[in-house]
Amino acid sequence: QVQLVESGGGLVQAGGSLRLSCAASGVTFSRYGMGWFRQAPGKERKFVAAINWSGGSTAYGDSVKGRFTISRDNAKNTVYLQMNSLKPEDTAVYYCAKSRPGRALGVIAYEYDYWGQGTQVTVSS
């Protein structure tokens, strides 16, 4: 079965950086787009970034443009989220997700069919 496992979350001061990883198994990783979403306490899950199957196209939520970079290594079945210039408002649980077949660069949760368990990112002021 498809499994997505995130890692790399933690506590960081404002202005700092973190790199999240999401390792996929049970799927032909290179065939699918991938995405990152985040959910803060009491708020709905929101789109952060997405990447197509090859890594040649990416999309970002407005609040992270210019600060976050999504990338992937198909040889390692892993997608990454490099987060720079972190702000307290970036505090959330971050989830990676696999695109549904035929979809790519989706910005809504419905466009993804498998999700990881999430990793907590906390940015202190």
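Residues numbered from 1 in each chain as written. Predicted model: local features only at pLDDT ≥ 70, side-chain atom pairs only at ≥ 80, totals over all residues. Heavy atoms only, no water.

Some details on the sheet that holds strand β8 (residues 78-83)
Logical step 1: The four strands lie next to each other as β1-β3-β8-β7, forming an open sheet whose pairing is antiparallel. In this open sheet, the two edge strands, each paired with only one partner strand, are β1 (3-7) and β7 (68-73). Direction aside, neighbouring strands of the sheet carry axes that sit 15 degrees apart on average.
Logical step 2: Relative to β8, strand β3 (residues 18-25) is paired through six bridges, and the arrangement is antiparallel. Across the sheet, residue L20 finds its bridge partner in β8, namely L81. (Pairing = 2+ DSSP bridges. Helix = DSSP H or I, 4+ residues; strand = E, 2+ residues; numbered from the N terminus. Axes fitted to C-alpha atoms, helices over the stretch in contact; angles between N-to-C directions.)

Some words on the pattern of salt bridges
Logical step 1: Applying the stated rule across the entire model yields five salt bridges.
Logical step 2: Between R38 and D90 there is a salt bridge, with the nearest N and O atoms lying 2.8 Å from each other. One end of the pair, R38, is in strand β4 (residues 34-39); the other, D90, is in the loop between β8 and β9 (92-99), and 52 residues separate them in sequence.
Logical step 3: By relative accessible area, which is 12% here, R38 ends up buried.
Logical step 4: Looking at D90, the relative accessible area reads 0%, which means it is buried.
Logical step 5: Residue D90 pairs with R67 through a salt bridge whose shortest N-O separation is 2.7 Å. Pair noted here: D90 is in the loop between β8 and β9 and R67 is in the loop between β6 (58-60) and β7, with a separation of 23 residues, a long-range link. (Salt bridge = Lys/Arg side-chain N within 4 Å of Asp/Glu carboxyl O. Buried < 20%, exposed > 50% of the residue type's maximum accessible area, 1.4 Å probe, protein only.)

Examining the layout of surface pockets
Over the atoms, a rolled probe matching the size of one water molecule traces out where space is still vacant.
Logical step 1: Within this model, the largest pocket holds a volume of roughly 170 Å³.
Logical step 2: Residue lining of the largest pocket: R38, Q39, A40, K43, E44, K46, S63, E89, T91 and A92, and that is the complete set.
Logical step 3: Of the residues in the lining of the largest pocket, the class split is two nonpolar, three polar and five charged. (1 Å grid on protein atoms, 1.4 Å probe; cavity = no way out; pocket = protein on both sides within 12 Å on 5 of 7 lines; lining within 4 Å. Points joined across faces, edges and corners; volume = space filled by probe spheres on them. Nonpolar A, V, L, I, M, F, W, Y, C, P; charged D, E, K, R; others polar.)

A look at the nonpolar core
Logical step 1: In this structure, W36, V48, F68, V79, L81, M83 and Y94 are the most contacted members of the largest nonpolar core, which totals 27 residues.
Logical step 2: Put simply, the parts of the chain that give this core at least two residues each are β3, β4, β5 (46-51), β7, β8, β9 and β11 (119-124).
Logical step 3: Here this core gets four residues from one element, more than from any other, and that element is β3.
Logical step 4: Excluding residues that lie within four positions of it along the chain, V48 makes contacts with W36, F37, R38, A59, Y60, G61, V64, F68, L81 and Y94. (Core = buried A, V, L, I, M, F, W, Y, C linked by side-chain atoms within 4.5 Å. Contact = heavy atoms within 4.5 Å.)

Examining the state of the cysteines
Logical step 1: Tallying each qualifying case throughout the model produces one disulfide.
Logical step 2: In this model C22 forms its disulfide with C96; the gap between the sulfur atoms is 1.9 Å. With the S-S dihedral at roughly 45 degrees, the linkage between C22 and C96 falls on the right-handed side. Residue C22 is located in strand β3, and its partner C96 is located in strand β9; the two are separated by 74 residues in the primary sequence. For the pair C22 and C96, a shared accessibility class is recorded, and that class is buried. (Disulfide = S-S within 2.5 Å.)

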